[in-house]
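# Structure assessment
Listed here are the chains, written in short residue letters.
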2 protein chains.
Amino acid sequence: MTDPAELERDLRSAGLRVTRPRLAVLDAVHAHPHLDTEALIGAARTRLDAVSHQAVYDVLRVLTDTGLVRRIQPQGSVARYEARVGDNHHHLVCRSCGAISDVDCATGAAPCLTPSGDAPPDFVVDEAEVIYWGRCRSCATAPAAPSTTDRPAERGNP
Amino acid sequence: MTDPAELERDLRSAGLRVTRPRLAVLDAVHAHPHLDTEALIGAARTRLDAVSHQAVYDVLRVLTDTGLVRRIQPQGSVARYEARVGDNHHHLVCRSCGAISDVDCATGAAPCLTPSGDAPPDFVVDEAEVIYWGRCRSCATAPAAPSTTDRPAERGNP
DNA sequence: GGTCGTTTCTTGACTGCTTCAAGGAAACGG
DNA sequence: CCGTTTCCTTGAAGCAGTCAAGAAACGACC
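A word on the sheet that holds strand E2 (residues 70–72) of chain B. Residues and elements named next belong to chain B. Taken in spatial order, the three strands line up as E1-E3-E2 in an open sheet, and their pairing is antiparallel. A single partner strand is all that each edge strand has here, and the edge strands are strand E1 (35–36) and E2. Alignment of E2 against strand E3 (residues 80–82), held across three bridges, turns out to be antiparallel. Paired with arginine 70 across the strands is glutamate 82, a residue of E3.

Dropping the structure here:
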């Protein structure tokens, strides 16, 4: 649980009003990286007695727009959010259980990567988003049995 | 329009039955890279008199599963498909008009990139998916007026 | 502290992409 | 040519996310 005063300061410095739903959601995103919206609604409701799902959607949008949180959405997954912003890190996603983990970016500053061979015609690139696809250890060792300890990402799994 | 015999050969070598919807969709994906499903339904219907939208969804799933087409889905966009597979290339996406273009991968073979600093814990990576975000030339020069010549990607644009 | 204007949250309905399900049609091996 | 298997059609449903109108909360100013 992050210091409320710090969260409040973050909101204010982003030019946002400080409201209880915003504090709750922001704290939840800090506490649990890579959660989806539904889970964040739940997490916000443990902090507050009641929040509408619409409020959480609104808050997440505002926080994303102001850069306080980052939204990621690997294929086959719904939107997920994290509070680690500004360091241009990347993500590892497990193909079978959907687990996500962070990887530091080698180059550091965005766009950490530029299209190779400067062939690209007329594009001004400001960010390179990288997703590493593979299998986490538990799924790599037990291929057919996706672990249930992490939340699955793919919807249409047979 | 790709040679039908060639498309047929591709289907067979992937172990798939050759049907008219599959040929039509596969040809459409070859002809128009980065189209979304709705546009592909339209493109398939110019090749065939009638195809159900469900058939196109089914076909796209099968083609994706067998690796004959690749599915991409930048944030804020619906699913899009391309027939350029196996070369592990990447994509440039314009933030304002949603235009997508291809970039060759420098390294060539997948995973063209490995997580830097081998810090990542216990992940077997088989692919690195890179999306370069930025602005295409027309949008970079006219920031406030997204070009309508390319199909927009974002839905909730004000 | 109290008051006012603006922003934000609540409630409820709705959209759009995608998938599910059942039955008929087509592909392909024999 | 026939039977089995797979695939397409039709129609409906699911689900994440959005829209809209009114009530509540924030915070600036007095």
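On to the protein's contact with DNA strand D, then. Inspection of the region around DNA strand D gives 22 residues, with Val18 and Gln54 of chain A together with Thr19, Arg22 and Ser52 of chain B positioned closest. Taking all atoms of DNA strand D within 4 Å of the protein, the share assigned to sugar and phosphate is 66%. One nitrogen or oxygen atom from the side chain of glutamine 54 of chain A is found 2.8 Å from a base nitrogen belonging to DNA strand D. With respect to DNA strand D, the side chain of serine 52 of chain B contributes an N or O atom lying 2.6 Å from a phosphate oxygen. When contributions to the surface near DNA strand D are tallied by element, the ones reaching two or more residues are helix H4 (53–66) of chain A together with helix H2 (20–31) and helix H4 (53–66) of chain B. With four residues, H4 of chain A is the largest single contributor of residues to the surface near DNA strand D. Of the residues contributing to the surface near DNA strand D, the split by class is nine nonpolar, seven polar and six charged.

Once that is clear, we can look at the interface of chain A and chain B. Contacts between chain A and chain B engage 38 residues on the former and 38 residues on the latter. The interface formed by chain A and chain B includes four salt bridges. Note that arginine 95 of chain A is salt-bridged to aspartate 126 of chain B, the shortest N-O span being 2.5 Å. Inspection of the chain A/chain B interface yields 16 residue pairs in polar contact (both at pLDDT 80 or more). Those elements that provide at least two residues to the side of chain A that touches chain B are strand E2 (70–72), strand E4 (90–94), strand E5 (100–103), strand E6 (123–136) and helix H5 (137–141) of chain A. Of the residues that constitute the side of chain A that touches chain B, the class distribution is 21 nonpolar, seven polar and ten charged. Looking at chain direction, E6 of chain A and strand E6 (residues 123–136) of chain B are connected through 13 bridges and run antiparallel. Bridge pairing links glutamate 129 of chain A to isoleucine 131 of chain B in E6 of chain B.

Residue and element names in this part refer to chain A. By the secondary structure assignment, arginine 80 is in strand E3 (residues 80–82). Buried charge without a partner: arginine 80 forms no salt bridge, and the closest opposite charge is aspartate 36, 4.2 Å away. Within the structure, the side chain of arginine 80 is placed 2.9 Å from the backbone oxygen of histidine 34, a separation counted as a polar contact.

The immediate surroundings of DNA strand C are formed by 20 residues, with Thr19, Arg22 and Ser52 of chain A together with Val18 and Gln54 of chain B found nearest. Backbone sugar and phosphate groups make up 64% of those atoms of DNA strand C lying within 4 Å of the protein. In the environment of DNA strand C, a base nitrogen lies 2.9 Å from a nitrogen or oxygen atom belonging to the side chain of glutamine 54 of chain B. Contact distances for DNA strand C include 3.0 Å between a phosphate oxygen and a side-chain N or O atom of arginine 61 of chain B.

As a further point, take the environment of histidine 53 of chain B. Residues and elements named next belong to chain B. Looking at the element boundaries, histidine 53 is found in helix H4. Between the C-alpha atoms of histidine 53 and leucine 40, which are 13 residues apart in sequence, the distance is 9.4 Å. Sequence-distant contacts of histidine 53, defined by excluding residues within four places in its chain, comprise Ile41 and Arg45.

Let us now look at the pattern of salt bridges. Residue and element names in this part refer to chain A. In the structure shown here, the tally under the stated rule is 18 salt bridges over all chains. Among the salt bridges present, the one from aspartate 27 reaches arginine 47, with a minimum N-O distance of 2.5 Å. Here aspartate 27, found in helix H2 (residues 20–31), pairs with arginine 47, found in helix H3 (residues 37–47); they are 20 residues apart in sequence, far enough to count as distant. Note on arginine 47: relative accessible area 24%, which makes it partly exposed.

All names here are of chain B. By the criterion of burial, E6 is predominantly enclosed, with ten of the 14 residues buried. Relative to E6, strand E4 (residues 90–94) is paired through four bridges, and the arrangement is parallel. Note that in E6 the partner of cysteine 94 across the bridge is glycine 134.

Let us look at the domain arrangement of chain A. By a widespread convention, an interface's size corresponds to the accessible area lost as its parts come together. Looking at chain A, the domain boundaries give domain 1 (4–72) and domain 2 (86–141). Distance between the C-alpha centres of domain 1 of chain A and domain 2 of chain A: 25 Å.

This part covers empty space enclosed by the protein. Here the structure, examined in full by the defined rule, presents three cavities of 30 Å³ or more. The space that makes up the largest cavity amounts to roughly 70 Å³. Along its surface, the largest cavity is lined by Gln73, Pro74, Gln75, Glu129 and Ile131 of chain A together with Gln73, Pro74, Gln75, Glu129, Ile131 and Trp133 of chain B. Of all the elements in the fold, those that place two or more residues in the lining of the largest cavity are E6 of chain A together with E6 of chain B. Per-element tally for the lining of the largest cavity: the top contributor is E6 of chain B, with three residues. Residue classes in the lining of the largest cavity are distributed as five nonpolar, four polar and two charged. Looking at the second largest cavity, its volume works out to about 40 Å³. Residue lining of the second largest cavity: Arg70, Ile72, Pro74, His90, His91, Glu129, Val130 and Ile131 of chain A, and that is the complete set. When residues of the lining of the second largest cavity are traced back to their parent elements, those giving at least two are E2, E4 and E6 of chain A. With three residues, the single largest contributor to the lining of the second largest cavity is E6 of chain A. Taken together, the residues that form the lining of the second largest cavity break down as four nonpolar, two polar and two charged.

Conventions adopted
Residues numbered from 1 in each chain as written. Chains lettered and ligands numbered in written order. Predicted model: local features only at pLDDT ≥ 70, side-chain atom pairs only at ≥ 80, totals over all residues. Heavy atoms only, no water. Pairing = 2+ DSSP bridges. Helix = DSSP H or I, 4+ residues; strand = E, 2+ residues; numbered from the N terminus. Near = heavy atom within 4 Å. Polar contact = N/O pair within 3.5 Å; in protein donor to acceptor, adjacent residues only side chain to side chain. Nonpolar A, V, L, I, M, F, W, Y, C, P; charged D, E, K, R; others polar. Contact = heavy atoms within 4.5 Å. Salt bridge = Lys/Arg side-chain N within 4 Å of Asp/Glu carboxyl O. Buried < 20%, exposed > 50% of the residue type's maximum accessible area, 1.4 Å probe, protein only. Lys, Arg positive; Asp, Glu negative; His and termini not counted. Domains from an automatic or database assignment. 1 Å grid on protein atoms, 1.4 Å probe; cavity = no way out; pocket = protein on both sides within 12 Å on 5 of 7 lines; lining within 4 Å. Points joined across faces, edges and corners; volume = space filled by probe spheres on them.

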